[in-house]
Structures are given as C-alpha cells and as structure tokens.
Amino acid sequence: MRSRHAVIRADASVAIGGGHVVRCLALAQGLTRDGWMVSFAGTVETPSVVPALTRSPYRWISLEHPASADEMQAAVPGGCDLLVIDHYGLDAVYESACRSWARRIVVIDDLVDRDHDCDILIDPMPDRPISSYPPRVGKGTCIASGPSYALLRPAFASVRATNRDRHVQRVLLSLGTADTSNQLATLVAAVADTTEGVSVDVAVGAAARDLPSIREAARVANARLHVDATNMAELMRDSDIAVIAAGGTTWEAACLGLPMVLMITADNQRAVAETVAARSAGIVAATTQEAASYVRALVADAGLRNALSSAASALCDGFGTQRAVLLANPESDSAGRAVTLRPATLDDTDLIFRWQQAPETRRFARNPAVPTAEVHRAWMEQTLGSRQSLLHLVVRDNVSVGLLRLDRTDNDDYEISIVTDPATYRQGIGLAALKLARRFLPDARLVGQILPGNEPSRRLFEKAGFRAFGNGWFAHENLHLKASA
C-alpha cells in the first residue's frame, strides 16, 4: 500500500524564532510513527535556526518565494495527502491555491486573525470562544482548540507524572530558540544574583544573535548552558522553576507542571501569557529584574509553587500531537464513516451519565449498580483531574457516540475501557475506538478485562489484535516493539 505523504510548510528565522518549526517537528514525528512519509518546506534560513530539522530524516524543500503556492506545487509534483501550514503570513488565499494538489489541509494558528481554507484548524490557545472561528473558516472545518492539541514531542507526556514536592534545586531559563528579544544574557545575570545555592540551566539555540553574551553571562553565573538542546523534556523534568518565553514552551512546561514565570518576547505571545496568568498557572514578568524577583519569591514559597504546578498541569496533558495525528487520518466504522477522538470535558458529564445509566452498559460493568448523578459527576471530576487517566469521547461525523478511558497502571501499561451509545451497537464503533487507542499510545502495552459471559467484547478485543493472558485479561503489545521483533 502506498505511504501517505504529508508536507509541512513552516519557517524559522532569527527574527521570528523557531517555535513554528519545533512544534511541526513534533507533529512530523507523530505522523512518521503512524506510517506517514513527511517532507518539510520553508525558507533557506530555516534549517540553520532549527538544526534539529537538518538532523531529522525528513526531506527538505527550500523555497525561494515563501508566499508562492505555485513554487510549492512544483516542488511536490505528485501532490500530497496532507498539507500542514504553520505560518502567520499565509492565509486562505494561499491555502485555496494548494487545494488542487493537497488532498487535505491542516492549519496551525493560535492567532485566528485571518481567514483560512482548511479541513482542520489546530489552535492550542485555551478559552477561545467558539464564536471566534466561524467567520474565519469554512462551515465544514474541524476545530481542534485548546492546549489538549498543543503539539509536543512524546517525551513530555512520558515524564509528566514527576512529583515536584521538593526543595528548589534547579531553575531553567529559556527565552526561545533564537532569543529574539535579546534579554537572555541579562536574565541569566539577574537570576543568578537572587538564587544563591540553586543551580541554573540556560537553554538557547545556536542562531541566537546574542549568543556570545549569553555564554559569558552563563560562565560568570556558573550556569549550565545548553545550546540547541535535544533533551528539553528532561531539562524541564529536572527543574523546579522556569523563566520562559510565553510561546510554545509554555505548553511544554504546563504539561510537566513546572512552576513558570512567563516573559512576553513577541506581541503574539501576549494572549498566551494573559490566559495562563488568568488560570493562575503562571506569573507574567515585564522585565528581567521582575522575573528574577518572582523566582526569588517562588524559591521561598512552596505553597505558591505547588499551586502553580497544579494549575499548569491541568492545562495540558502532552498528548496533543497524537490527537492531531488521529484527526489527520481517522478510523472508520462498519459503514465507512470517520471515527476519531476528542478530549472529554465536564461539559460532557450529562451525556456520559446517560450512557452509564443504560442497562446494556451496566450488564457487564465491574460495578453493575447505576451511579447517582452526584457520584458520576465526582467520578468525572476525579478522572479529568488525574495525571494517570485519559478520557476521550469517541466521535463519528462530529457526533459523540462513545467513551474511551485509558488508565496508566503501576507498571506503565494502560488499562482500556469503552462505553458506546447503545443506539450505535453493532456499527463498528467499538472496533474503531480500539484501533484509535492503539494508535494514540503506540509505545504502550494496552490491557483490558472482560467479565465472564461478555462474548461480544471478547470477540471485539480479539478482532482488534488483543490476546488473552489469564483471568479475563487481554493485552495488545507495544506497536513498535512488535514491529521490530
């Protein structure tokens, strides 16, 4: 079968930084693991600003005329199955011109300040009113909004469960790949003067214009300098406080529950900073000296650190890339209709409660008693607030038809459970949900328990590739381990 081909259009430069390309690299990694062939297209300067792009296995297309859709078409003569555009300078005019050779178009846009002609719009900004989108996109566009769709590398979700209840040992400073505001050297000196006895890590890209000054500031402060770091998830995991630019790094820090001081280094970051502050998930500093004073306050106040950590962690679970991959290539029910996932929210409580009350649902549940509305709501709140649980609605043609729950076990397996709307039984929803779960967590071992007498579920799990291993338990092994065996 022919590999699906995705082309990603994103730029990086010393002036705009590397955030667009960094998040697109995360998406590219997710698409590749899902079986896609990926190419990148951008300006000549882009690879030098984000060296990870040069090290990657993806085909690179260098563009002389960045706004020319004709040049893009000439570079991809066979067309592509998916065109991903992450660029503040491109809009519906460019996207429409690509329709003849791109089967589907995904736009990543956290500004929503221009029109788009796309099939999927990914906007990681929280609390965006749904009314913001219709004037800007077509009626059939799928809107994937909120930090649940922030495009992070898998490493962030994998280290998410770290416990931060400890004394401050390390502070991380990072104002973007290119340090476009030229404030990092000053920040290093300011923080070093206020954090005696605390280690300081500084992360920046080699393309930063002020790199010599940053190196000198790090040397004087006895700070560890990380240039073009490939281990940002681990650096954040091992840090206790971070001062960061209010861009894509915000969602990385939030995923790990890292107490953060945000600095606005570009106008398009202001909305992120204000929203995070409104959620009490971060503190916004106007100057490097103010940032240093906030760091000093956080070092001294464990209660404030814990409050920020909890609020930040609730913003982003780190699985946005996997959700975007499933939107790009959904599964199908028995009639060929598209089936995908979306994160559950408290707004879904009543819908899920109706399914949980159905006799068909309770018949083979571990607890056959019908829950009360109060018990069910408490369960929803607890599950949605847990770092160990992932709760999704199964969606067919934009209508919610089931619930998929994945609970991380003590040995890092994920226990899977499915509830479907009884009105959709025998329509292939359960099988599609199992396939989506498998692709959503390709590196995990999935397990599920089927109670005696539940033959439909047993047949469903076996059809999806699960195998019995005792006492009603079934397992599906890590996809990539299985492929390499």
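Scoring rules and cut-offs
- Residues numbered from 1 in each chain as written.
- Predicted model: local features only at pLDDT ≥ 70, side-chain atom pairs only at ≥ 80, totals over all residues.
- Heavy atoms only, no water.
- Phe/Tyr/Trp six-rings, centres within 6.5 Å; stacked < 30°, edge-to-face > 60°.
- Helix = DSSP H or I, 4+ residues; strand = E, 2+ residues; numbered from the N terminus.
- Buried < 20%, exposed > 50% of the residue type's maximum accessible area, 1.4 Å probe, protein only.
- Polar contact = N/O pair within 3.5 Å; in protein donor to acceptor, adjacent residues only side chain to side chain.
- Contact = heavy atoms within 4.5 Å.
- Arc of directions from axis to C-beta.
- Axes fitted to C-alpha atoms, helices over the stretch in contact; angles between N-to-C directions.
- Parallel < 35°, antiparallel > 145°, perpendicular 65-115°, else oblique.
- Left-handed = near helix turned anticlockwise from the far one by under 90°.
- Nonpolar A, V, L, I, M, F, W, Y, C, P; charged D, E, K, R; others polar.
- Core = buried A, V, L, I, M, F, W, Y, C linked by side-chain atoms within 4.5 Å.
- Pairing = 2+ DSSP bridges.
- Right-handed = clockwise from strand over helix to strand, strands pointing away.
- Salt bridge = Lys/Arg side-chain N within 4 Å of Asp/Glu carboxyl O.

Asker: For the packing of aromatic side chains, give the residues involved together with the corresponding values.
Answerer: What the rule picks out here adds up to four aromatic pairs. With 5.8 Å between their ring centres and 40° between their planes, Phe40 and Tyr58 make a pair best called tilted. Placement of Phe40 in strand E2 (residues 36-43) and of Tyr58 in the loop between helix H3 (51-55) and strand E3 (59-63) is noted, with a sequence separation of 18 residues between them. Its relative accessible area of 0% is what places Phe40 among the buried residues. Residue Tyr58 is classed as buried on the basis of its relative accessible area of 15%. Three or more aromatic residues joined by ring pairs make a cluster, and in this case those are Phe461, Phe466 and Phe474.

Asker: Tell me about the side chain of His392, and name the residues and values.
Answerer: As for its position among the elements, His392 is in strand E16 (residues 389-396). One polar contact links His392 to Arg323, side chain to side chain, over a distance of 2.9 Å. With near-sequence residues (within four places) excluded, His392 lies in contact with Arg323, Leu341, Arg342, Pro343, Ala344, Gly402, Leu403, Leu404 and Phe440.

Asker: Describe in detail helix H8 (residues 211-220), supporting the description with residues and values.
Answerer: For H8, the complete set of buried residues consists of Leu211, Ile214, Ala217 and Ala218. Seen from one end, H8 has its buried residues packed into an arc of 120°, which puts them on one side. Seen from the buried face of H8, the exposed residues on the opposite side, beyond 90 degrees, are Pro212, Arg219 and Val220. Residues of H8 that are buried in the fold lie against helix H7 (184-192), strand E9 (199-204) and strand E10 (224-227). A positive backbone phi angle near 55° is found at Asn222, which sits one or two residues after H8.

Asker: Which residues make up the packing of helix H1 (residues 19-33) against helix H14 (residues 320-328), and what are the values?
Answerer: Here H1 crosses H14 at 55°, and the two axes come no closer than 9 Å. What the angle tells us is that H1 and H14 run oblique. Seen from above, H1 lies across H14 with right-handed handedness. Contacts between H1 and H14 pair Ala26, Leu27, Gly30 and Leu31 from the former with Thr321, Ala324 and Val325 from the latter. Among the residues forming the contact of H1 with H14, the class breakdown is five nonpolar, two polar and no charged.

Asker: So what about the nonpolar core? Which residues, and what values?
Answerer: Core analysis: the largest hydrophobic core is formed by 32 residues, its most contacted members being Leu27, Leu31, Val38, Phe40, Leu82 and Ile122. Of all the secondary-structure elements, those providing two or more residues to this core are strand E1 (4-10), H1, E2, strand E4 (80-86), strand E5 (102-108), strand E6 (120-123) and H14. If one sorts the elements of this core by residue count, H1 sits on top with six residues. Setting aside anything within four residues of it in sequence, one finds Val38 in contact with Ala6, Ile8, Ala28, Leu31, Thr32, Tyr58 and Arg59.

Asker: Can you tell me about the pairing of strand E12 (residues 260-263), naming the residues and giving the values?
Answerer: The alternating pattern of E12 places Met260 and Leu262 and Val261 and Met263 on opposite faces, both of which are buried. Where strand E11 (residues 241-245) meets E12, four bridges bridge the pair, whose relative direction is parallel. In the sheet register, Ala242 faces E12, and the bridge partner there is Met260. Each parallel crossover has a hand, and for E11 linked through helix H10 (residues 249-255) to E12 it is right-handed. Pairing between E12 and strand E13 (residues 283-285): three bridges, direction parallel. Across the sheet, the residue bridging to Val261 is Ile283, located in E13. At this point the chain moves from E12, through helix H11 (residues 270-278), to the parallel E13, and the crossover so formed is right-handed.

Asker: Which residues make up the pattern of salt bridges, and what values go with them?
Answerer: Applying the stated criterion across every chain, the model contains 31 salt bridges. The partner of Arg279 in a salt bridge is Asp127, with the nearest N and O atoms 2.7 Å apart. Highlighted residues: Arg279 in the loop between H11 and E13 and Asp127 in the loop between E6 and strand E7 (142-145), separated in sequence by 152 residues. Given a relative accessible area of 37%, Arg279 falls into the partly exposed group. Take Asp127: its relative accessible area is 52%, and that puts it in the exposed class. The salt bridge involving Arg153 is made with Glu252; its shortest N-O contact spans 3.1 Å. Residue Arg153 is located in the loop between E7 and helix H6 (154-158), and its partner Glu252 is located in helix H10; the two are separated by 99 residues in the primary sequence.

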